[in-house]
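Fold and contact review
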Amino acid sequence: MAGRNGRTVRDLRRGNRTAVLHRLYFDGPLSRFELGPATGLSSGSVSNVVADLIADGLVEEAGSVDSDGGRPRTLLRVAPHSGQMIGVDVGETRVRVELFDLALTELARAERPLTRPGYDVDDITGHIRDGVAEVLAAEGARPERLLGVGVGVPGIVEHTTDRGAVVHGQTIGWDAVPLERLLRATSGLPESVPYFIDNGAKTLGQAEMWFGAGRGARNALVVLFGSGVGACLVTPEVEHGRAVEWGHLTVRVRGRRCRCGAPGCLEAYAGAESLLARWREEGGRPPEGTDEETALTAMLAAAYPAGDAEPDPVALAVLEETAEYLGAGLSDLINLFQPERILIGGWAGLQLGTRFLPAVRRHAATYALRHPADRVTIDLGRLGPDAVTVGAAILPLADFFSRGGRRAEPVPEDRSPAWRAALDERAPR
């Protein structure tokens, strides 16, 4: 039966379960007494919901605390082993697959290196399929226990009702690739296991906002700095985050050719791929036959040598120029969105780390308007190189919570509104 606002008793129960699960997940362990004011539910509603969640195996006791003159209060938490999620990062140097429990503790991982050109669709789907099978086998996990598989990919992701998630990845040669349909056809997972596919910068942003350096911010930008560059914008109006194709902002008319094909993109100057190419063009000698991560490590060692060794002036000059391009690119984001925080993640951003950050901050302040620049902090993300896989695993977790801890129906026609809206209920600010 529906009320005047159109909500049924089932909707109300689901909402109450969701509220309790969220508070226990982000703020727990908590007692029943504390859950009342934290969720806005009556003590009777809290008791009923907690009893249901315990019966379903989703909530468990976690010790007790003394109360003021009364009986000790039992603490409750979300049971970590009550479900599992898989997060996949289709990165620029490797495909990483990780299996997590409900507390996002890593249980197993598999990695498949990519070689250029490494974005053949069949190869990528094969790497994901094999990685999923490997992590499940490593833990002896049953696929039926999975809440879902989240996948972070380069490019723009379109969610359609007929083909599922479709990826438009111009820089990697993907033109409307029906990735969800391909994965479902080859993975061997039960039909009841849903897929959640989104832009990798966005999953990185989601991880940092839930668990990392973005927690507590209402308005933030999370930058993915790898072979190329991308960003995720999170504001009160776009709470679940929006991928921003920041790397393809034009920073120089008739400039270097970007891998997307256009001239003068920021990515043609600030991505690790272009950074290494410019070092080579200026006479530098990146180690032959190595991947980008190894080559960038060598470049950093040349520019910032240990002890009394002289720095390689070419490597140092290219890195300093890259810091200026990156700072100028961040200034555009500052002027456009006036964020509280900018967080830099991605393997290249983390490698360059604190050596790079002071120069990037200085250039961002130079190019940005003074008022928004004075109010933004620019820091590194806290979650390390696994942040994209953590963020990808959050997608099925958010969907699970939005359903009140109920598993998704087998292959719904269109999941995107439910799991996207669920991200709005992220960690408290």
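Residues numbered from 1 in each chain as written. Predicted model: local features only at pLDDT ≥ 70, side-chain atom pairs only at ≥ 80, totals over all residues. Heavy atoms only, no water.

**Describing empty space enclosed by the protein**
Let me state the cut-off plainly: Using a grid of 1 Å spacing that covers the protein atoms alone, one calls a set of points a cavity when a 1.4 Å probe fits there but cannot get out, and a pocket when the set is open and has protein on both sides within 12 Å along at least five of seven lines; lining residues are those with an atom within 4 Å of a point. Grid points are joined across faces, edges and corners, and a volume is the space filled by probe spheres set on the points. Working definition: helices are DSSP H or I runs of at least four residues, strands are E runs of at least two. Numbering for both runs from the N terminus. Residue polarity is assigned by list, with Asp, Glu, Lys and Arg as charged and Ala, Val, Leu, Ile, Met, Phe, Trp, Tyr, Cys and Pro as nonpolar; anything else, Gly included, falls into the polar class.
Taken as a whole and judged by the stated rule, the model has one cavity of 30 Å³ or more. Approximately 40 Å³ is the volume found for the largest cavity. At six residues, helix 11 (residues 347-367) tops the list of elements feeding residues into the lining of the largest cavity. A per-class count over the lining of the largest cavity returns eight nonpolar, two polar and no charged.

**Focus: unusual backbone geometry**
To keep it simple, the criterion reads: Note on exposure labels: buried denotes an accessible area under 20% of the residue type's maximum, exposed denotes more than 50%, and partly exposed covers the range between, all computed with a 1.4 Å probe on protein chains only.
The linkage connecting Gly 28 with the following residue, Pro 29, adopts the cis geometry, with an omega of 0°. Of note, Leu 104 is a non-glycine position whose phi angle comes to about 60°, a positive value. Of note, Leu 104 is situated in the loop between strand 5 (94-101) and strand 6 (106-113). Under the relative-accessibility criterion, Leu 104 is labelled buried at 15%. Even without being a glycine, Arg 254 presents a positive backbone phi close to 55°. Tracing the chain through its elements places Arg 254 in the loop between strand 14 (238-244) and helix 7 (267-270). Residue Arg 254 is classed as exposed on the basis of its relative accessible area, which comes to 75%.

**Points about the domain arrangement of the chain**
Definition in use: All domain edges in this entry derive from an automatic or database-based domain assignment. In this description, contact between two residues means that some pair of their heavy atoms is separated by no more than 4.5 Å. The term buried area refers to how much accessible surface (probe radius 1.4 Å) is lost by two components on association, counted for both of them together. Any Lys or Arg side-chain nitrogen found within 4 Å of a carboxyl oxygen on Asp or Glu counts as a salt bridge. Polar contacts, as counted here, are pairs of nitrogen or oxygen atoms within 3.5 Å of one another; within protein the pair requires one atom able to donate a hydrogen and one able to accept it, and residues that are adjacent in sequence qualify only if both atoms are side-chain atoms.
Taken domain by domain, the chain holds domain 1 (10-78), domain 2 (84-203 + 386-403) and domain 3 (214-380). Each partner contributes residues to the interface: domain 1 has seven residues there, and domain 2 has eight residues. Taken over both partners, the interface formed by domain 1 and domain 2 buries close to 640 Å², and the fraction arising from carbon and sulfur atoms is 71%. At the surface where domain 1 touches domain 2, the tally comes to zero salt bridges. Seen at the junction of domain 1 and domain 2, the total is two residue pairs in polar contact (both at pLDDT 80 or more).

**Considering the nonpolar core**
To be explicit about the condition: Residue types Ala, Val, Leu, Ile, Met, Phe, Trp, Tyr and Cys, when buried and joined through side-chain atoms within 4.5 Å, form a set referred to as a nonpolar core.
Counting residues in hydrophobic clusters, the biggest one holds 47 residues, and the most contacted among them are Trp 246, Met 299 and Leu 330. At the level of secondary structure, the elements contributing two or more residues to this core comprise strand 12 (220-225), strand 13 (229-235), helix 7, helix 8 (272-281), helix 9 (292-303), helix 10 (313-337), strand 15 (341-345) and helix 11. If you tally residues by element for this core, the top one is helix 10, at nine residues. When residues no more than four places from it in sequence are discounted, the contact partners of Leu 330 are Val 223, Trp 246, Ile 342, Ile 344, Val 360, Ala 364 and Ile 378. Within the second largest apolar cluster, 32 residues are counted, among which are Val 88, Val 157, Ile 172 and Tyr 195.

**What to know about the layout of surface pockets**
To find leftover empty space, one rolls a probe the size of a water molecule over the atoms. By volume, the largest pocket amounts to about 740 Å³. Lining the largest pocket are 44 residues, and of these Glu 92, Val 153, Pro 154, Leu 224 and Arg 259 lie nearest its centre. Classifying every residue of the lining of the largest pocket by side-chain character gives 19 nonpolar, 16 polar and nine charged. Among the domains, domain 2 (84-203 + 386-403) and domain 3 (214-380) are the pair contributing at least three residues each to the lining of the largest pocket.

**Regarding the packing of helix 1 (residues 9-27) against helix 13 (residues 387-402)**
Rules: Convention adopted: a line fitted to C-alpha atoms gives each axis, helices being fitted over their contacting stretch, and angles between N-to-C directions are expressed from 0 to 180 degrees. In these notes the angle categories are as follows: under 35 degrees is roughly parallel, over 145 is roughly antiparallel, 65 to 115 is roughly perpendicular, and the rest is oblique.
It is at 8 Å that the axes of helix 1 and helix 13 come closest, and there the two elements cross at 135°. Regarding the angle of helix 1 to helix 13, the classification is oblique. Across from Arg 14, Thr 18, Leu 21, His 22 and Tyr 25 in helix 1, the residues of helix 13 making contact are Leu 397, Phe 401 and Ser 402. Partitioned by chemical class, the residues of the contact of helix 1 with helix 13 number four nonpolar, three polar and one charged.

**Structural notes on the sheet that holds strand 10 (residues 174-177)**
Whenever strands of a sheet pair, they do so through backbone hydrogen bonds, lying parallel or antiparallel. For clarity, the cut-off: Here, any two strands with at least 2 DSSP bridges between them count as paired.
Reading across from one edge, 8-9-10 is the order of the three strands in this open sheet, with antiparallel pairing throughout. Whereas interior strands pair on both sides, the edge strands pair on one side only; in this sheet they are strand 8 (156-160) and strand 10. The mean inter-strand angle of the sheet, taken between neighbouring strand axes irrespective of direction, is 20°. Here five bridges tie strand 8 to strand 9 (residues 164-169), and the two strands are oriented antiparallel to one another. Counted as the bridge partner of Ile 156 is His 168 from strand 9. This element, helix 5 (residues 179-186), spans strand 9 and strand 10 of the sheet and lies at about 120° to strand 9.

**So, the sheet that holds strand 11 (residues 195-199)**
Pairing within the open sheet is mixed, and its five strands lie in the order 6-5-4-7-11. Strands at the two margins of the open sheet, each flanked by one partner only, are strand 6 and strand 11. Taking the axes of each pair of neighbouring strands and ignoring which way they run, one obtains an average angle of 15° across the sheet. Here five bridges tie strand 7 (residues 146-153) to strand 11, and the two strands are oriented parallel to one another. Of the residues in strand 11, the one forming a bridge with Val 151 is Ile 197.

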